[in-house]
Amino acid sequence: MRSILSVLLITFVFVVTPAAGQKRNITEKDLFSFVWIGDPQISPDGSRVAYVRVTVNDKKDGYNTSIWTVSAARGETHQLTSGLHDSSPRWSPDGRYLVFVRVTEKDGRPDTPQLFMLAMAGGDSFQFTTVAHGAAQPQWSPDGKTIAFINNANPEDISKQKEMQKESLPSPAADAPQPAASPAANKKTEDARESDVRVITHAVYRANGPGYLDPKHPQHLWLIAAPRNADEKVSPRQLTTGRFAEDNVTWAIDGSQIYFTSDRSDEPYYELPTTTVYSVSVSGGEPTRLTSFEMDAGGFAVSPNGKQLAFIASIGRPVKSYQQPDLWVMDIAPNAKPRNLTETFDYDISAGLTGDSNAPRGGSGSPPIWTADGRGIIEVYAKEGRANLATFSLSGGTPTDLTHGDQAVTSFRTTADGSKLVYNLSTPTLIGDLYLLERSGRESKQLTHLNDDLFAHLNLSPPEEIWYRSVDGKRIQAWVQKPPDFDATKKYPLILNIHGGPHAAYGFIFDHEFQWMAAKGYVVLYPNPRGSTSYGQDFGNIIQYNYPGDDYKDLMTGVDELIKRGYIDEKRLGITGGSGGGVLTNWAIGHTTRFAAAVSQRDIADWSSWWYSADFTQFQPSWFKGAPFEDPDFKTRSPITYIDKVTTPLMLILGEADWRTPTGAGGEQMFRALKYRKIPTVMVRFPNESHELSRSGQPWHRIERLQHIVGWFDKWLMGVAKPEYEVAQ
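Starting from 1, residues in each chain are numbered consecutively following that chain's sequence as written. Predicted model: local features are reported for residues with pLDDT of at least 70 only, side-chain atom pairs are reported and counted for 80 or more only, and whole-chain, interface and lining totals are derived from all residues. Here the side-chain values reflect all heavy atoms present in the structure, with hydrogen atoms and water set aside.

Undergrad: Would you mind showing me how to read a negative patch on the surface here?
TA: Among the surface-exposed residues, Asp247, Asp263, Glu271 and Asp296 lie close enough to one another that they form a single negatively charged patch. Elements are defined by DSSP. Helices are runs of H or I of four residues or more, strands are runs of E of two residues or more, and each kind is numbered from the N terminus. Here Asp247 shows up in strand E17 (residues 247-251). Like-charged residues are merged into a patch within 9 Å and nonpolar side chains (Val, Leu, Ile, Met, Phe, Trp, Tyr) within 5 Å, provided each residue has over 30% relative accessible area and no salt bridge. Only the protein chains shown count as cover for residues, with accessible areas throughout obtained via the Shrake-Rupley method and a probe of 1.4 Å. What counts as a salt bridge is simple: a side-chain nitrogen of Lys or Arg found within 4 Å of a carboxyl oxygen of Asp or Glu. Charge assignment: positive for Lys and Arg, negative for Asp and Glu; neither His nor the chain ends contribute. For charged residues, the charge sits on one atom: NZ in Lys, CZ in Arg, CG in Asp, CD in Glu.

And the structure:
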């Protein structure tokens, strides 16, 4: 049956491009039709690429993820799995099997993730784990006989699961009358009740997205034999135990052991970052500590000869606001010391760009990749609003670029011999598609065209890249997204859009929000002020102990620069931003009256309130020199301090499950203060949404967010009636 379905599900892309006059402007609801790519994995022989295809579900309140392949030779796409929540495809070393993670639904709600296997020769996929708390992050052993995975069940959970399995077995006397429960039995039942009261002892006790943390369930490493068919019964075994979690799991080349990192500190926020590397034999036993170094590291990859590790890490001493990530190598030996390959390369390694259209589900990181000869390492780096791939030599020197252009590589993988490299590419007019680069010197070729049918009907245009000098002479890069029918002789309203972070970067990547604002008749200016990444360590860290500050001046200079060009209406200026951009939006309207309207999203108004309630600590002097009761700068640098100067009508966009910038530290304070002062203000709250509302929130909520932002600007910059924002409705 599957072979017939396979033929039916093969897709060829034939796009008929409409004439220019037939194209339409993009809308906010086009998001419902977007298709995203996550976690591409090229097969060992390089003949095809497995990837997670992400789409909006039928109810438009979530996302579906399934696993597809695309032919490297012909670009045919083929659906492999039919689950609603399938992810993490991983090829067996011989390419004959694909393991993946599936989340099924139970009583209408997601159940725990489990591992499934698919034989590429044919047949249906089958489940081969049923572990409590689920299984994730599968990795094949080099010989293809074993799969490592992560699980966070503790011994009590496992015992409970076994008891439940026993109780579910049919009893011969199941229909026999049962005696009434005794008082002692009732008391036992009461004692067995699980309390829902949280007793919190850690300073970090909840996280944006996952919510409340559970220190009693650290993630551990498990192994299971790789089954070849559904009839082959296999049982997992736990390889590591204890109070502390394992991360960065990586197989040794010979498959005899597994390397991992583990932070074995109950309260690591009191200390500066340290990474400790361990190894554990696949036959069991206590892990062996290999080495420790004073950096926070991730993305580990073993060299082809099995003697070295490559990884990404940032130097953590002295404490800075921004530490640029570098590419490191280290011998796999006791007490080995890492060596920085990119010490003199002043750009961000393994860094990307800020946009709103990365895959909202099914994504995964891309650890460094060694070249087949072990003399170089492939990684992405961000430079001046671009993110491209390069090979970094172990002997140092200038890296060799593998990709070029105004674009952002968001993920990548290669075959073991390095002959073929696949990567996901985004541009300001392309959400993301897979490209193949054969290392024989050929040009890259596009494999997928997942949004071509939609985009062929949209009137999209790339932004204009500009550079300007700020107040102290610093060069600032920015982009200007103009309306599709832009006419330089006309006057347009302007929206200044500020990125968060603050250590992040806009650039040449697709952003639905900017395209839609422009389609609605606005010119959109999105700059990278000082503090942004992709311009070097000093540019990124210069805002330490001065945020907000001169970055605000960079933004205002950018607005001035556009006004000089003659097509901006000075009386119709808007400002918006999220997270760190929300901070700067709040700051700006407390320091200038030039903006006719503002929208502050997932913001911070009072640094003191945020310090006490955010999902990570500032116990180290990175952004401030001490605690709020020690450092007067908390008040000086808090936008709420200048609330008496605000006259700009303000909308606040808040996620009610946002623990990164809790609502009480930002929008709620701004809203109440402006209501007190009778300044036009409205608060828009999104239930169950975290700090990731704009990037991976529920599709309908993402649409409504865009509608409210532009609706507020339409009211104050375009004169459009918006009764929903009036007190008397």
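Undergrad: Just to check I follow, could you spell out the sheet that holds strand E15 (residues 220-225) for this structure?
TA: Pairing between the strands of a sheet is mediated by backbone hydrogen bonds and can be parallel or antiparallel. At least two bridges found by DSSP between two strands is the condition for calling them paired. Spatially, the 4 strands line up as an open sheet ordered E11-E12-E15-E16, and their pairing is antiparallel. Bordering the open sheet on either side are strand E11 (136-140) and strand E16 (237-238), each of which pairs with just one other strand. Where E11 and strand E12 (residues 146-151) come together, 3 bridges link them in antiparallel fashion. The partner of Gln139 across the bridge, within E12, is Ala148.

Undergrad: Which parts of the structure should I look at to understand the pattern of salt bridges?
TA: A side chain with one charge can pair with a side chain of the opposite charge if their charged atoms come near. In the structure shown here, the tally under the stated rule is 25 salt bridges. For Glu465, the salt bridge is made with Arg386, and the minimal N-O distance between the two is 3.2 Å. Remark: Arg386 occurs in strand E28 (residues 386-393) and Glu465 occurs in strand E34 (residues 464-469); sequence separation between them is 79 residues. Three exposure classes are used, based on accessible area relative to the maximum for each residue type with a 1.4 Å probe and protein chains only: buried under 20%, partly exposed in between, and exposed over 50%. Residue classification places Glu465 among the partly exposed positions, given a relative accessible area of 29%. Under the relative-accessibility criterion, Arg386 is labelled buried at 19%.

Undergrad: How should I be thinking about the packing of helix H5 (residues 512-519) against helix H13 (residues 699-718) in this particular structure?
TA: Pairs of packed helices are described in terms of their axes, by the angle between the two and the distance that separates them. Orientation is described by lines fitted to C-alpha atoms, with helices fitted over the stretch in contact, and by angles between N-to-C directions that extend from 0 to 180 degrees. One way to put it is that H5 packs onto H13 with a least axis distance of 11 Å and a crossing angle of 45°. The angle between H5 and H13 falls in the class oblique. Helix-helix and strand crossings are classified by hand; for H5 and H13 the assignment is right-handed. Within the contact between the two elements, H5 uses His512, Glu513, Trp516 and Met517 and H13 uses Arg705, Leu706, Gln707, Ile709 and Val710. Each angle is binned into one of four classes, with values under 35 degrees roughly parallel, values over 145 roughly antiparallel, values of 65 to 115 roughly perpendicular, and all other values oblique. In this scheme the handedness of a crossing depends on how the near helix is turned from the far one: anticlockwise by less than a right angle means left-handed, clockwise means right-handed. Any two residues whose heavy atoms approach within 4.5 Å at even a single point are treated as in contact.

Undergrad: How do you make sense of the pairing of strand E1 (residues 36-42) when you look at a structure like this?
TA: In the case of a regular strand, side chains alternate between the two sheet surfaces. Along E1, 7 of the 7 residues are buried, which leaves the element largely enclosed by surrounding structure. Bridge analysis of E1 against strand E2 (residues 48-56) gives 5 bridges, and the strand direction is antiparallel. Counted as the bridge partner of Gly38 is Val52 from E2. Between the antiparallel neighbours E1 and E2 lie 5 residues, among them Gly46 with a positive phi of about 75°.

Undergrad: Help me understand the side chain of Thr69, please; the structure alone is not making it clear to me.
TA: Position of Thr69 relative to the elements: it lies in strand E3 (residues 63-71). Contacts of Thr69, omitting those with residues within four sequence positions, involve Val49, Ala50, Tyr51, Glu76, Thr77, His78, Leu80 and Trp91.

Undergrad: When you look at the packing of helix H7 (residues 550-564) against helix H8 (residues 580-589) in this model, what are you seeing that I'm missing?
TA: Running from N to C, H7 and H8 point in directions that differ by 75°, and their axes come no closer than 11 Å. Here H7 lies roughly perpendicular to H8, going by the angle between them. Across from Asp551, Tyr552 and Leu555 in H7, the residues of H8 making contact are Leu584, Trp587 and Ala588. Partitioning the contact of H7 with H8 into residue classes produces 5 nonpolar, no polar and 1 charged. All residues other than Ala, Val, Leu, Ile, Met, Phe, Trp, Tyr, Cys, Pro, Asp, Glu, Lys and Arg, Gly among them, are scored as polar; the first ten of these are nonpolar and the last four charged.

Undergrad: For this particular structure, what's the right way to read the pairing of E2?
TA: With respect to burial, E2 is a largely interior element, 7 of its 9 residues being buried. Note that E2 and E3 share 9 bridges and pair antiparallel. Bridged to Val56 within E3 is Tyr63.

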